[in-house]
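# Descriptive analysis of the structure
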Amino acid sequence: MRDPSPNTSRNPVVSLVTVVLASLLLPISLTGASVAIPGVAADFHSSLAADEWIVNGYDLTFAGFMLASGAFADRFGRRKVFVLGTAVFTLCSLVSALAGNIALLDASRAVSGVGAAAVLTSGSATLAQVFDGPARAKAFGVFGTTVGVGMAFGPFIAGSLSTNFGWRSVFLVPAIAGAVVLALATRLPESRDPQAGRVDWAGTITFSGALTALIAALIEGSALGWTSAFNVVMYVACAVLFTLFVVVEKRQERPMFDLGLFRQPQFVSLCVGVVALVLAFTPLLVYLPSYLTAVNGQTTMHAGIDMLMLTVPTIFFPLITGYLLRWVPVRHMVTASVGLTAIGTAWLTVLHPGIGNWAALGPYAVIGIGIGVSFGVMDGAAVSSVEPERAGMAAGMFNTMRLAGEATGIAVVGSLLVNFTRVELGSKLDAFGGPYGGKPGELANALNQGQLSGPESTVPASARAAFHQAATSAYTGGLHTALWIMAGFGAAATVLVAAVGAKSRQAAPAAEAATQAEPDKVAA
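Notes on the structure in this doc start here. No experiment lies behind these values; they were computed from the predicted model shown. The numbers attached to residues start from 1 for each chain and follow its sequence in the written order. Local features are withheld for residues below a pLDDT of 70 in this predicted model, meaning they are given only at 70 or higher, and side-chain atom pairs are given and counted only at 80 or more; totals for whole chains, interfaces and linings count all residues. Only hydrogens and water are set aside when side-chain values are computed; all heavy atoms of the structure are taken into account.

### Some details on the overall build of the chain
- Helix and strand counts for the chain stand at 18 helices and zero strands.
- In terms of overall dimensions, the chain has a C-alpha envelope of 90 × 55 × 45 Å along the principal axes.
- Each residue is placed in one exposure class: buried if its accessible area under a 1.4 Å probe, protein chains only, is under 20% of its type's maximum, exposed if it is over 50%, and partly exposed if it falls in between. Burial statistics for the chain: of 524 residues in total, 53% are counted as buried.
- The contact criterion used throughout is that any non-hydrogen atoms of two residues lie within 4.5 Å. Within the chain, residue pairs in contact and separated by at least 24 positions form 81% of the contacts whose partners lie at least 6 positions apart.
- Each accessible area value is a Shrake-Rupley result obtained with a 1.4 Å probe; residue values ignore everything except the protein chains displayed when judging cover. Summing over all exposed atoms, the chain offers an accessible surface of approximately 21,400 Å²; the carbon and sulfur share of this is 68%.
- Distance between charge centroids for the chain: 6 Å, based on 28 positive and 27 negative side chains. Helix numbers and strand numbers start at the N terminus; a helix is a DSSP run of H or I with at least 4 residues, a strand a run of E with at least 2. Note that His is not counted, nor are the chain ends; the positive residues are Lys and Arg, and the negative ones are Asp and Glu. Where a charge lies is defined by one atom per residue type, namely NZ (Lys), CZ (Arg), CG (Asp) and CD (Glu).

And the structure:
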């Protein structure tokens, strides 16, 4: 419903340029930040857990405040929320660039995620308000493509900036671009939903709190111990807050989450499928640059170039998928997207120190194609799996599940990498002196931060070749084990999505026949 507020001028070109530029910054800020981790670790001498919060803090608040931001924009005005979100994102990006310690950097990144959630939800709502009919479809096509471009080229852009200007430029450039968006945002038309209800703050706080407690336990567990006092407190907090979230949502007149949707098998299977996709893809964006810089001694720019083999297919295959849907049913495309990603993740275990680009191209491309296909079908399939009147709720819940899966996946895979690398190192370091001698956990943390030259310099020159061999083989072995687990989860999700899709197809004709038979029964 359009709001008859005083500011009704639409400015379609300015609106599109403003929202598209903003939507380009958000994925770059996610995928690009991971490339900055080796530089941050070298400057601040920070722990791996602290470095992981650079990415996870942003993704966590992005997920937790997505639905609340949308409701806030509907009630108080989309332009107001867009401007506020852009201002928060820009200011926090500037603080990140100027941060003098890891705590301030982590905190600014977490607050930046709140701003990003506000920008994305109010920006997409603004486009829906400004454009109608075929123009709206084209506008959202440009919007979606821009998000894909930002995700695809984020590691390359950040790697180039970090190599040439230092890691701080990875956050400074988005701050400058954010200031441009902020200037343009003043020309956006204002709109709101006069029938919008209250923001579900109780649901937002309990959901975000439960997710934060879970992520904190996963990130800190590898360093503090999985049964440490901190982790036990986080486990209990997660359980209590999640229980409160369920209770709160059941009592809400207009809940943030319609928990009844989780009783629909097809919607649940699609949620499991998208979690499997982001569990395979997002951790690779975060941790592969560190692997390439540590094991192969690459610059962050070179690592970013290598990552293009993984990310570029995600730009083109949503369009190709839309064309193929003329002949291939959606359920087959959904199954193919999850299956291809699982196959590519398993194939990626060919990675080893010094591997050439041609040898790595195959698995990178297969994963990228699988993710690209999912961009073309998953959201539509999720919305189509529920009743039309619940489509908006389903879309919001599905995107929240995707973002929550990203944050959880980054934390899970990070912990797996550290633990598996430590196990692979075993007693191999006992023969070396220095601060890493007999301390596999310390070296595992350093490797997963993209740091190897530093630890190598602590052992005698005559022993560095052996130290390098032990470290790179252990890191590679740990990565392979984590990849197999990710691929296994993807394979299980593929089977689930295929089985539920086939069952729903069989059930549809029966339901249609029953519906047609009902009038005959009444007439009789």
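### Details of the state of the cysteines
- In this description, the term disulfide denotes a pair of cysteine sulfurs within 2.5 Å. This model, assessed by the stated rule, comprises zero disulfides.
- Cysteine 271 supplies the cysteine sulfur nearest to cysteine 238, a cysteine that is in no disulfide, at a spacing of 18 Å.
- By relative accessible area, cysteine 238 is classed as buried at 19%.

### What to know about the packing of aromatic side chains
- Centres within 6.5 Å make a pair out of two Phe, Tyr or Trp rings, where for Trp the six-membered ring is used; the pair is then stacked when the planes are under 30 degrees apart, edge-to-face when over 60, and tilted otherwise. All told, the structure shown has nine aromatic pairs when counted by the stated rule.
- With centroids separated by 5.6 Å and ring planes inclined at 75°, the aromatic side chains of phenylalanine 44 and tryptophan 167 adopt a geometry described as edge-to-face. With a gap of 123 residues between them, phenylalanine 44 in helix H1 (residues 12-44) and tryptophan 167 in the loop between helix H6 (133-165) and helix H7 (169-185) connect regions that are remote in the sequence. Each of the two residues, phenylalanine 44 as well as tryptophan 167, counts as buried.
- Aromatic ring contacts, followed pair by pair, group Phe44, Trp167 and Phe171 into a single cluster.
- Only when the NZ of Lys or the CZ of Arg is both within 6 Å of the ring centre and within 35 degrees of the ring normal is a charge said to sit over the ring. In this structure, arginine 109 packs its charged tip against the face of tyrosine 58, placed 4.5 Å from the ring centre.

### Examining the nonpolar core
- The set of buried Ala, Val, Leu, Ile, Met, Phe, Trp, Tyr and Cys residues whose side-chain atoms join them within 4.5 Å is what this entry labels a nonpolar core. Judged by nonpolar contacts, the single largest core of 128 residues is most densely connected at Leu105 and Tyr364.
- The dominant element in this core, judged by the number of residues it contributes, is helix H10 (residues 265-295), at 17 residues.
- Leaving out residues up to four positions away in the same chain, leucine 105 has contacts with Val40, Phe44, Ile54, Ser96, Ala99, Trp167 and Phe171.

### Here's the deal with the packing of H1 against helix H2 (residues 48-64)
- Two elements in contact, H1 and H2, have axes separated by 7 Å at closest approach and are oriented at 160°. With respect to each other, H1 and H2 are oriented roughly antiparallel. With respect to the hand of their crossing, H1 and H2 are arranged in right-handed fashion. Along the contact surface, H1 presents Leu26, Ser29, Leu30, Ala33, Ser34, Ile37, Val40 and Ala41, while H2 presents Asp51, Ile54, Val55, Tyr58, Asp59 and Phe62. To get an axis, a line is fitted to the C-alpha atoms, and for a helix only the part in contact is used. The angle between two axes follows their N-to-C directions and goes from 0 to 180 degrees. Comment on the angle field: the value is read as roughly parallel under 35 degrees, roughly antiparallel over 145, roughly perpendicular from 65 to 115, and oblique elsewhere. For a crossing to be left-handed, the near helix must be turned anticlockwise from the far one by less than a right angle; the clockwise case is right-handed.

### Things to note about the environment of valine 236
- Relative to the helices and strands, valine 236 is located in helix H9 (residues 229-251).
- Given a relative accessible area of 48%, valine 236 falls into the partly exposed group.
- In this structure, the C-alpha to C-alpha distance between valine 236 and alanine 213, residues 23 residues apart in sequence, is 8.7 Å.

### Here's the deal with unusual backbone geometry
- A positive phi angle, close to 50°, is found at histidine 45, a residue other than glycine.
- Along the chain, the position of histidine 45 falls in the loop between H1 and H2.

### Quick look at helix H4 (residues 78-98)
- To estimate how far a helix should reach, multiply one less than its number of residues by 1.5 Å. Compared with an ideal rise of 1.5 Å per residue, which puts 21 residues at 30 Å, H4 spans 30 Å between its outermost C-alpha atoms and is within 8% of the ideal.
- Taken together, the buried positions of H4 are occupied by Arg78, Val81, Phe82, Gly85, Thr86, Phe89, Thr90, Cys92, Ser93, Ser96 and Ala97.
- Residues of H4 that are buried sit in contact with H1, H2, helix H3 (66-76), helix H5 (102-130) and H7.

### What about the side chain of threonine 90?
- Structurally, the position occupied by threonine 90 is in helix H4.
- In this structure the side chain of threonine 90 is engaged in a polar contact, spanning 3.4 Å, whose partner is the backbone oxygen of glycine 178.
- When near neighbours in sequence (up to four residues on either side) are disregarded, threonine 90 contacts Ala175, Gly178 and Ala179. Counted as a polar contact is a pair of N or O atoms within 3.5 Å, where, for protein atoms, one must be capable of donating a hydrogen and the other of accepting one, and residues adjacent in sequence contribute only when both atoms are in side chains.

### As for the packing of helix H11 (residues 300-311) against helix H14 (residues 357-384)
- Contact pair H11 / H14: the axes reach a minimum separation of 7 Å and the direction vectors enclose 45°. Judged by the angle between their axes, H11 and H14 are oblique. Touching Asp306, Met309 and Leu310 of H11 are Asn357, Ala360, Leu361, Tyr364, Ala365, Ile367 and Gly368, all from H14.
- Residue composition of the contact of H11 with H14, by class: seven nonpolar, two polar and one charged. Here the nonpolar group is Ala, Val, Leu, Ile, Met, Phe, Trp, Tyr, Cys and Pro; Asp, Glu, Lys and Arg are the charged ones; every other residue, Gly included, is treated as polar.

### Let's talk about the layout of surface pockets
- Within this model, the second largest pocket holds a volume of roughly 400 Å³.
- Lining the second largest pocket are 19 residues, and of these Phe207, Leu211, Phe242, Met401 and Ala404 sit closest to its centre.
- Secondary-structure elements contributing two or more residues to the lining of the second largest pocket are helix H8 (201-224), H9, H10 and helix H15 (391-425).
- At five residues, H15 tops the list of elements feeding residues into the lining of the second largest pocket.
- Across the lining of the second largest pocket, the residue classes tally to 16 nonpolar, three polar and no charged. Definitions used throughout: a 1 Å grid over protein atoms alone; a cavity as a set of points that fits a 1.4 Å probe which cannot get out; a pocket as an open set with protein on both sides within 12 Å along at least five of seven lines; a lining residue as one with an atom within 4 Å of a point. Grid points are joined across faces, edges and corners, and a volume is the space filled by probe spheres set on the points.

### Brief notes about the environment of alanine 118
- With respect to the helices and strands, alanine 118 occurs in helix H5.
- Spatially, the C-alpha atoms of alanine 118 and proline 189 are 16 Å apart, while their sequence positions differ by 71 residues.
- Excluding anything up to four places from it in sequence, alanine 118 contacts Ser69, Val81, Gly85 and Gly123.

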